[in-house]
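Architecture and fold: a report
Read off the chains here:
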Amino acid sequence: QVQVVESGGGSVQAGGSLRLSCAASGRTLTIYTTAWFRQAPGKGREFVGYIVRSNGITYFGDSVRGRFTISRDNANNIVYLEMNSLKPEDTAVYYCAASTKHGTSWRQDASYDVWGQGTQVTVSS
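This report concerns the structure included in the present document. Here the structure is a predicted model, which means the values were calculated and not measured.

1. Digging into the packing of aromatic side chains
In the structure shown here, the tally under the stated rule is seven aromatic pairs. Ring centres of Phe-37 and Tyr-112 lie 5.6 Å apart, and the angle between their planes is 75°; on these two criteria the pair is classed as edge-to-face. Of this pair, Phe-37 sits in strand E4 (residues 33-39) while Tyr-112 sits in the loop between strand E9 (92-99) and strand E10 (114-115), and the two are 75 residues apart along the sequence. Just as Phe-37 is buried, Tyr-112 falls in that class too. With a centroid separation of 5.2 Å and 45° between ring planes, the pair formed by Phe-37 and Trp-115 is classed as tilted. Of this pair, Phe-37 sits in strand E4 while Trp-115 sits in strand E10, and the two are 78 residues apart along the sequence. Relative accessible area serves as the criterion here: at 27%, Trp-115 is assigned to the partly exposed category. Through a chain of ring-to-ring contacts, the aromatic side chains of Phe-37, Phe-47, Tyr-50, Tyr-59, Trp-106, Tyr-112 and Trp-115 assemble into a single cluster. Over the aromatic face of Trp-115 sits the side chain of Arg-45, whose NZ or CZ is 4.1 Å from the ring centroid.

The following block contains the structure:
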């Protein structure tokens, strides 16, 4: 079994930065990919980005590309989401998700079988 826990959320003014962390525990070597999703009030879950554990390849959704980055620390089983140039529309609960399934579509939330509890990010104008 794998578990993931997010941390690092909070409130920031527009233009500011935040770094979220996703710490994995358990059978972490079974993780293929870790992703971040977010959900704003009254909206559906939105793909933010993912990182492939083995080679560090990342991919981002259109709304955050160029502003957000994802990195990993495999030795400590932590994945980071660095968020820069934050906008009020980035306000949401951010979820970390891990996939222990091989060869799926990493932009789809159905591809992830392990989810964290979420952390709130609030960006004020």
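2. Quick word on empty space enclosed by the protein
Throughout the structure, instances matching the rule amount to one cavity of 30 Å³ or more. As for the largest cavity, its lining consists of 14 residues, and the residues nearest its centre are Ile-31, Thr-34, Arg-53, Asn-74 and Val-79. For the lining of the largest cavity, the elements supplying multiple residues, two or more each, are strand E3 (18-26), strand E5 (45-52) and strand E8 (78-83).

3. Let's talk about the pairing of strand E7 (residues 68-73)
Consecutive residues of a regular strand have side chains that alternate between opposite faces of the sheet. Relative to E8, E7 is paired through six bridges, and the arrangement is antiparallel. Across the sheet, residue Ile-70 finds its bridge partner in E8, namely Leu-81. What sits between E7 and E8 in their antiparallel hairpin is a turn of four residues, with Asn-77 showing a positive phi close to 55°.

Quick notes on the rules
Residues numbered from 1 in each chain as written. Predicted model: local features only at pLDDT ≥ 70, side-chain atom pairs only at ≥ 80, totals over all residues. Heavy atoms only, no water. Phe/Tyr/Trp six-rings, centres within 6.5 Å; stacked < 30°, edge-to-face > 60°. Helix = DSSP H or I, 4+ residues; strand = E, 2+ residues; numbered from the N terminus. Buried < 20%, exposed > 50% of the residue type's maximum accessible area, 1.4 Å probe, protein only. Lys NZ or Arg CZ within 6 Å of the ring centre and 35° of its normal. 1 Å grid on protein atoms, 1.4 Å probe; cavity = no way out; pocket = protein on both sides within 12 Å on 5 of 7 lines; lining within 4 Å. Points joined across faces, edges and corners; volume = space filled by probe spheres on them. Pairing = 2+ DSSP bridges.

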